[in-house]
Each structure stands twice: as structure tokens, then as C-alpha cells.
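Geometric and topological summary
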Amino acid sequence: GGRVSVTAWEGISDIEDKGRYEIRVADNGIGMSEEFADKVFEAFERERTSTVSGIQGTGLGMSITKSIIDLMGGTISVKTAPGKGTEFIIEFYLELQRGETSEPDEEENAKKEPQNNIVDFSNRRLLIADDVPINREIAEMQLVSFGFTVETAENGREALDKVSASEPGYYDAVLMDIQMPVMDGYEATAAIRGLDDERLADIPVIAMTANAFLEDIKKAEEAGMNGHIAKPIDVNNMLEVLRRVFS
């Protein structure tokens, strides 16, 4: 018997070549207390009420949403009160798409050129190893949106176990965090490279880490990794690394 409404609005932009947009998602549900509304965007936070506690959830949805909106340079806010429903308000800017001219310049052609090398990711399966749940959630959500099938591991040991127990070709690549408990990314990669089945030992392993200095990239290569993706993740860079690994 509840209701959820979604509205989208385009306003007058104060930034050249960008459009200003607002999305509102509102419901007429139980609402939230003022105390919980102040921390609804924090990871793993859930309001402690008899109604909410009986509903499954990890308290990550709004934290992930805010992380993505922050990366876009936007804002998200909430209006709510107990028994009066909830409304989330998202504001952000997007670059305007310009129509092609009859004679595109060299820069426009250069931007389009990589499109000729697009890899079909719909048949690709990745294993993400990261000990931080929200990092796994965000990376998985981004990759699934591009067609990947994604599985996850909480540390290097679990990643090693999943690779060693898999059939060759089941995973197309492993995205490996470096700093993890139980077994770190370097140790897990070395163990994968030492597997008896050469087909499993040769699986592409890509470092996905905040350690982004040249010495870190070199250390990843020396550990047997096939690429490096810096955190926070730049989606275009991540896709480019994966295209290169799969080519």
C-alpha cells in the first residue's frame, strides 16, 4: 500500500557546457528519526526500530550512493520525519552532448578512435579481492553495469582458494587489493603463479589499490601482476586496463 515517486528535473546551469540536474526519490513510508537521518549516509548504519530491524539489509546502499555522487561532484540530501515518509534529493552536473558537425576535427576523431577497440565484457567473469565491503560493493556495481559477471573474496587467501578450485577459464581476471589481512595481494598473486595447473597460474591479476606511486606499480609488476588500477577508481582507466589485459 506504499508509494514511491521518482522525479527528474533539468534546471538552468551556471557552468558552461554542463547541464544541471536534480533527481528526487520520495516515499510515504515510516520515515526516519532526526538522529538517524544525520548518519544515514555512513556505511553499515541502520536505524534500530522494530520495523526496520526485521528487514534484511547491510546499511551500505546509501553510503555507496553518496560515494558515487561525490565522485560526480554532486550532492545528496534527505528530508524525513517519523511517520511522514522520506525524500532523497540528488543534484549534479553532466557534460552536454554536442551534435556532430559535418567535418569533425582531429580531436573528436581521436576521442572516437578507441571505440574501435571496445571489448565485449558480457562474457567476462572477474574475481574481486578486497577486505573492505564497501570497496567490493562499489567495484562490483560499476563492473556489472558494463556487462561483467563478478564474484568477490574478502582477502588474498580466499581469492587464492577460489582460483585454485576453479576450472581453467572460469575467471578471466582477478582484481587484487594489496593490503589485506590473512594474505595480502602480493602473497596471493605469488601463490596463484605457483599453482600446478599452468592455465590457472597464468590468470591475469590486476592490482587495485590506493598505492599508486611508480614504485608501487613496479612492485606489482615484479609480483607477477598484469596491470594496476589506482583507487579511488577511475572507471575509464579501469576499463582501459581491462581492455589491454584482454586484448
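What this report covers is the structure whose coordinates are included nearby.

Cut-offs applied
Residues numbered from 1 in each chain as written. Predicted model: local features only at pLDDT ≥ 70, side-chain atom pairs only at ≥ 80, totals over all residues. Heavy atoms only, no water. Phe/Tyr/Trp six-rings, centres within 6.5 Å; stacked < 30°, edge-to-face > 60°. Helix = DSSP H or I, 4+ residues; strand = E, 2+ residues; numbered from the N terminus. Buried < 20%, exposed > 50% of the residue type's maximum accessible area, 1.4 Å probe, protein only. Pairing = 2+ DSSP bridges. Axes fitted to C-alpha atoms, helices over the stretch in contact; angles between N-to-C directions. Contact = heavy atoms within 4.5 Å.

This brings us to the packing of aromatic side chains. Throughout the structure, instances matching the rule amount to five aromatic pairs. Taking the centre distance of 4.4 Å and the plane angle of 25 degrees together, the rings of Phe121 and Phe148 count as stacked. Highlighted residues: Phe121 in the loop between α4 (106-112) and β5 (125-129) and Phe148 in the loop between α5 (133-144) and β6 (149-153), separated in sequence by 27 residues. This pair shows no difference in class: Phe121 is buried, exactly as Phe148 is. These aromatic residues form a ring-pair network of at least three members: Phe121, Phe148 and Phe246.

Spatial strand order, β1-β2-β4-β3: four strands in an open sheet with antiparallel pairing. Strands at the two margins of the open sheet, each flanked by one partner only, are β1 (4-11) and β3 (75-80). The mean inter-strand angle of the sheet, taken between neighbouring strand axes irrespective of direction, is 15 degrees. Inspection of the sheet shows strand β2 (residues 18-27) paired to strand β4 (residues 86-95) by 10 bridges, in the antiparallel sense. Opposite Ala26, over in β4, you have Glu87 as the bridge partner. Helix α3 (residues 61-71) contacts β3 and β4 of the sheet and is inclined by roughly 140 degrees relative to β3.

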